2 protein chains.
Amino acid sequence: METFLRSISALNDETRVLLLRFIDTNGECCVCDLQSSLDMIQSRLSRHLKILKDAGFLRVERKGTWAYYSIKTPLERYASETLQEIRVLPITLPPLKKSSDSGVCTL
Amino acid sequence: METFLRSISALNDETRVLLLRFIDTNGECCVCDLQSSLDMIQSRLSRHLKILKDAGFLRVERKGTWAYYSIKTPLERYASETLQEIRVLPITLPPLKKSSDSGVCTL
DNA sequence: TTACTATATCAACATATATTGATTTATATG
DNA sequence: CATATAAATCAATATATGTTGATATAGTAA
């Protein structure tokens, strides 16, 4: 029950569903790419990314001070079903704006 | 997004997951059967049953002053996947106590 | 070391949701 | 009609969660 509710409560927020869809669509993103693309402040993103990671939807890879978030693979069966559901939601995604390309965050 | 989040937020509560599992296991239940079986007060049950119904997990059939709740059929694909997930959660269900058998609620 | 950078965490506040007991509604019955 | 019953809704309160700006942490580089 605990694990199930952790998954569900991670999904129970429009910001996090958008994040999952965005990262699923665009692949691995660092936090500052998400900041520039989704127009969200860093503390807000950090919070939601942690919740999605703790619930088993995302993985993080750290390179120096940078943190790259991507969809965890493999996903649990139900998490995978959920991601499929999120893939077909009629969401208008903002385009990916890479502010990490130069190796320095261009914010 | 709206519909998806309505489903998710309906699931985001231990009481409602328990209700789904209980009704799925025991079949159609009236509110007072749930009161006696789950030891919950009526207003609390009424609230949660409404949320589950509005999210498309339950249906209601009214007979006189009684309301019988059961799992809606057919369920949407994702709702059905979710119910399967709930079926395998390690929950200890209390036994069904029918307080509606005599036609009068024996509370 | 010091300064800088990207991210994480914290504190304060606002909003959303759950619980309870009281009230209301709808239906049935005398 | 008046009364009773089952369920729904409401009002008050408590708890949980999201947002923001400030601060802390960890890594990098001078």
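As a starting point, this report considers the structure included with it. The model shown is predicted, which means the values in this text are computed figures rather than measured ones.

With respect to the interface of chain B and chain A
- Opposite the 21 residues of chain B that make contact, chain A presents 21 residues.
- For the pair chain B and chain A, the number of links is four salt bridges.
- For the salt bridge of Arg 77 of chain A with Glu 81 of chain B, the shortest nitrogen-to-oxygen distance reads 2.5 Å.
- The interface formed by chain B and chain A contains seven residue pairs in polar contact (both at pLDDT 80 or more).
- Among the elements of the structure, α1 (2–11), α2 (14–26) and α5 (77–87) of chain B are those that each provide at least two residues to the side of chain B that touches chain A.
- The element contributing the most residues to the side of chain B that touches chain A is α5 of chain B, with seven residues.
- Partitioning the side of chain B that touches chain A into residue classes produces 12 nonpolar, four polar and five charged.

Quick look at the sheet that holds strand β2 (residues 58–63) of chain B
Residue and element names in this part refer to chain B.
- On the basis of which strands lie adjacent, the open sheet formed by three strands has the order β1-β3-β2 and antiparallel pairing. The sheet is open, and its two borders are formed by β1 (29–30) and β2, each paired with just one other strand.
- Taken together, the six bridges between β2 and strand β3 (residues 66–71) define a ladder with antiparallel strand orientation. Within β3, the position partnered with Arg 62 by the bridge is Ala 67.
- Along the sheet face, α2 touches β1, β2 and β3 and points at about 90° away from the line of β3.

Concerning the packing of helix α3 (residues 31–38) of chain A against helix α4 (residues 42–54) of chain A
Residue and element names in this part refer to chain A.
- Put simply, α3 and α4 touch, their axes get as near as 10 Å, and they point 115° apart. Helix-helix and strand crossings are classified by hand; for α3 and α4 the assignment is right-handed. On α4, the residues touching Val 31, Leu 34 and Gln 35 of α3 are Gln 42, Leu 45 and Leu 49.
- For the contact of α3 with α4, a count of residues per class yields four nonpolar, two polar and no charged.

Thoughts on the protein's contact with DNA strand D
- The local shell around DNA strand D holds 24 residues, among which Arg 47 and His 48 of chain A together with Gln 42, Tyr 69 and Cys 105 of chain B are the closest.
- Note that a phosphate oxygen of DNA strand D is positioned 3.2 Å from one of the backbone N or O atoms of Val 31 of chain B.
- In the surface near DNA strand D, the residues fall into nine nonpolar, nine polar and six charged.

A closer look at the protein's contact with DNA strand C
- Near DNA strand C you find 24 residues, and of these Gln 42, Tyr 69 and Cys 105 of chain A together with Arg 47 and His 48 of chain B are the closest.
- Looking at DNA strand C alone, sugar and phosphate atoms form 67% of those within 4 Å of the protein.
- Here Tyr 69 of chain A contributes a side-chain N or O atom positioned 2.7 Å from a phosphate oxygen of DNA strand C.
- One of the side-chain N or O atoms of Arg 44 of chain B is found 3.0 Å from a phosphate oxygen in DNA strand C.
- Where the surface near DNA strand C is concerned, the elements lending two or more residues are α3, α4 and β3 (66–71) of chain A together with α2 and α4 (42–54) of chain B.
- Tallied by class, residues from the surface near DNA strand C come to nine nonpolar, nine polar and six charged.

Conventions we followed
- Residues numbered from 1 in each chain as written.
- Chains lettered and ligands numbered in written order.
- Predicted model: local features only at pLDDT ≥ 70, side-chain atom pairs only at ≥ 80, totals over all residues.
- Heavy atoms only, no water.
- Contact = heavy atoms within 4.5 Å.
- Salt bridge = Lys/Arg side-chain N within 4 Å of Asp/Glu carboxyl O.
- Polar contact = N/O pair within 3.5 Å; in protein donor to acceptor, adjacent residues only side chain to side chain.
- Helix = DSSP H or I, 4+ residues; strand = E, 2+ residues; numbered from the N terminus.
- Nonpolar A, V, L, I, M, F, W, Y, C, P; charged D, E, K, R; others polar.
- Pairing = 2+ DSSP bridges.
- Axes fitted to C-alpha atoms, helices over the stretch in contact; angles between N-to-C directions.
- Left-handed = near helix turned anticlockwise from the far one by under 90°.
- Near = heavy atom within 4 Å.

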